[in-house]
Amino acid sequence: MQLVFSDAQYWEDFLPLTFTRPIAEMRCGILTFSERWQKILATTEVSWFTEMYLQQKFREPEKKESLFLVPNFLPTETVIQQIKELKQGEALVYEDELVAAKINMEGFSLHQIEKMTDIKEELVFYKKPTDLFTYNKEAIDFDFELLTKGKISQELSSTNGFLGNKEDLFIEEGAEIEFSTINTKTGKIYIGKNAEVMEGCNLRGPIALCEGSKFNLGAKIYGATTIGPHSKVGGEVSNIIIFGYSNKGHDGFVGNSVIGEWCNLGADTNSSNLKNNYGNVKLWNYRTKDFQDTGLQFAGLIMGDHSKTAINTQLNTGTVIGVASNIFKEGFPPNLIENFSWGGFKDDERFKLDKAYEVAEKVMARRKLPLTDGDKAILKHIFNEY
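Residues numbered from 1 in each chain as written. Predicted model: local features only at pLDDT ≥ 70, side-chain atom pairs only at ≥ 80, totals over all residues. Heavy atoms only, no water.

All right, on to the pairing of strand β28 (residues 282-285) then. Examined bridge by bridge, β28 and strand β29 (residues 290-293) share four bridges and lie antiparallel to one another. Following the sheet pairing, W284 is matched in β29 by F291. Between the end of β28 and the start of β29, which pair antiparallel, lie four residues, with K289 showing a positive phi angle near 55 degrees. (Pairing = 2+ DSSP bridges. Helix = DSSP H or I, 4+ residues; strand = E, 2+ residues; numbered from the N terminus.)

Counted under the stated rule, the structure contains 21 salt bridges. The residue K355 makes a salt bridge to E358 at a minimum N-O spacing of 3.9 Å. On the criterion of helical spacing, the pair formed by K355 and E358 is a turn pair, its members being three residues apart in helix α5 (residues 353-365). Look at K355 and you get partly exposed, because its relative accessible area is 40%. By relative accessible area, E358 is classed as partly exposed at 35%. (Salt bridge = Lys/Arg side-chain N within 4 Å of Asp/Glu carboxyl O. Buried < 20%, exposed > 50% of the residue type's maximum accessible area, 1.4 Å probe, protein only.)

In terms of nonpolar packing, the biggest core is built from 66 residues, with W37, F73, I83, L132 and F340 touching the most fellow members. Examining the composition of this core, we find that five residues originate from one element, α5, more than from any other. Looking at which domains feed residues into this core, each of domain 1 (2-124) and domain 2 (130-385) gives three or more. Counting 32 residues, the second-largest nonpolar core is a separate cluster that includes F215, A219, I240 and I327. (Core = buried A, V, L, I, M, F, W, Y, C linked by side-chain atoms within 4.5 Å. Domains from an automatic or database assignment.)

A few words now on the packing of aromatic side chains. Across all of its chains, the model carries 18 aromatic pairs by this definition. On the basis of an interplanar angle of 65 degrees and a centroid distance of 5.8 Å, the ring pair of F49 and F68 is categorised as edge-to-face. On the criterion of sequence distance, the pair formed by F49 in strand β4 (residues 46-49) and F68 in strand β5 (residues 65-69) is long-range, its members being 19 residues apart. A relative accessible area of 31% places F49 in the partly exposed class. (Phe/Tyr/Trp six-rings, centres within 6.5 Å; stacked < 30°, edge-to-face > 60°.)

Here we come to the packing of helix α1 (residues 33-41) against helix α2 (residues 77-84). Contact pair α1 / α2: the axes reach a minimum separation of 11 Å and the direction vectors enclose 75 degrees. Taken together, the axis directions place α1 and α2 in an arrangement best described as roughly perpendicular. Contacts between α1 and α2 involve W37, I40 and L41 from the former and I80, I83 and K84 from the latter. (Axes fitted to C-alpha atoms, helices over the stretch in contact; angles between N-to-C directions. Parallel < 35°, antiparallel > 145°, perpendicular 65-115°, else oblique. Contact = heavy atoms within 4.5 Å.)

Partitioning the chain into domains gives domain 1 (2-124) and domain 2 (130-385). Taking only C-alpha atoms into account, the centre of domain 1 sits 25 Å from that of domain 2. Each side of the interface is counted separately: domain 1 has 28 residues, and domain 2 has 39 residues. Interface area for domain 1 against domain 2, summed over the two sides, is near 2900 Å², with a carbon-plus-sulfur share of 72%. When the buried surface of domain 1 facing domain 2 is broken down by residue, L17, R27 and I30 rank first, second and third, together holding 24% of it. Our count for the contact surface shared by domain 1 and domain 2 stands at six salt bridges. When the shortest N-O distance is used, the salt bridge between R21 and E261 registers 3.4 Å. Across the contact surface, domain 1 and domain 2 share 13 residue pairs in polar contact (both at pLDDT 80 or more). Elements with a contribution of two residues or more to the side of domain 1 that touches domain 2: β2 (27-28) and α1. By residue number, the principal contributor to the side of domain 1 that touches domain 2 is α1, which donates four residues. A class-by-class count of the residues in the side of domain 1 that touches domain 2 yields 17 nonpolar, four polar and seven charged. (Buried area = accessible area lost by both parts, 1.4 Å probe. Polar contact = N/O pair within 3.5 Å; in protein donor to acceptor, adjacent residues only side chain to side chain. Nonpolar A, V, L, I, M, F, W, Y, C, P; charged D, E, K, R; others polar.)

Now the structure itself:
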């Protein structure tokens, strides 16, 4: 059975993070939404119903019987069973939005649906970028159980200090932790395969350090924090998500933030997550083309893929950075930094597309990954259209 991840309702609400990916490929907890659902439903046959320019990299659905799924929520056991038991022409609805349906993608139409069932349980649903860090604890808890059930953790080295319940710490094969403090009293901690916690780190859960990633010497990590695969983090962070393949390797603070892939924060980059007047933080909304009240007192940085900050960069509370931007000028840049900005300020020149390709190729080669024709086509579309 083909699993089709749908972007129909929410894609625009997650910009700039979704400029370069479907919603299903965002990370929250330990896994991406796609990885989570593939494990839950025991399938690897997936496709994406998303923006046409993204289909150059993310495969379009085949025209056959499929499970059509909105991926950006955490299901209960009851809802998982309801999804598995869907018959052709049946659908599940949550808060008046379709979230799952068994339909044929041949001549795709919601008119195929003959029976709709309301989900009665309250779900953790992610509808905007700030939800990713706001409800990251719930996702870490969910994924921790999903990934560790029936498995045995590596032992924690005796050089470390430990507080909490040992059942709330899981260390995958090949991971290294020495001379650090680990505290699970405030949440679960997951250390992925071949990850490393260098000496002198202080970890206070919930935390997910994914495969091949590192906490650099003396890092101070407050939950709920997720560091995606093959990333490096140093300094102080609190309640952030890094999708993967990005670095904040040096001193500086980032809190209540989401950072995409292939980003780099220069040494002593700091991002404010609290206004001086303790008021609610506003963030740029790409759908309404205006700054919207998040309802949150703490909200820092939302950063699209391939963006970079120079050393000593200072970012205001509630800053949104687009794709392939370079922030390096003196002073506080504005709260909205456009895609391909060269400097970070309004009306700065644009980062040339061929140069963006060149940098991306070099950065990705360090992780032994190519910049594909699909990647280039996506960046070109963003450059020309957004």
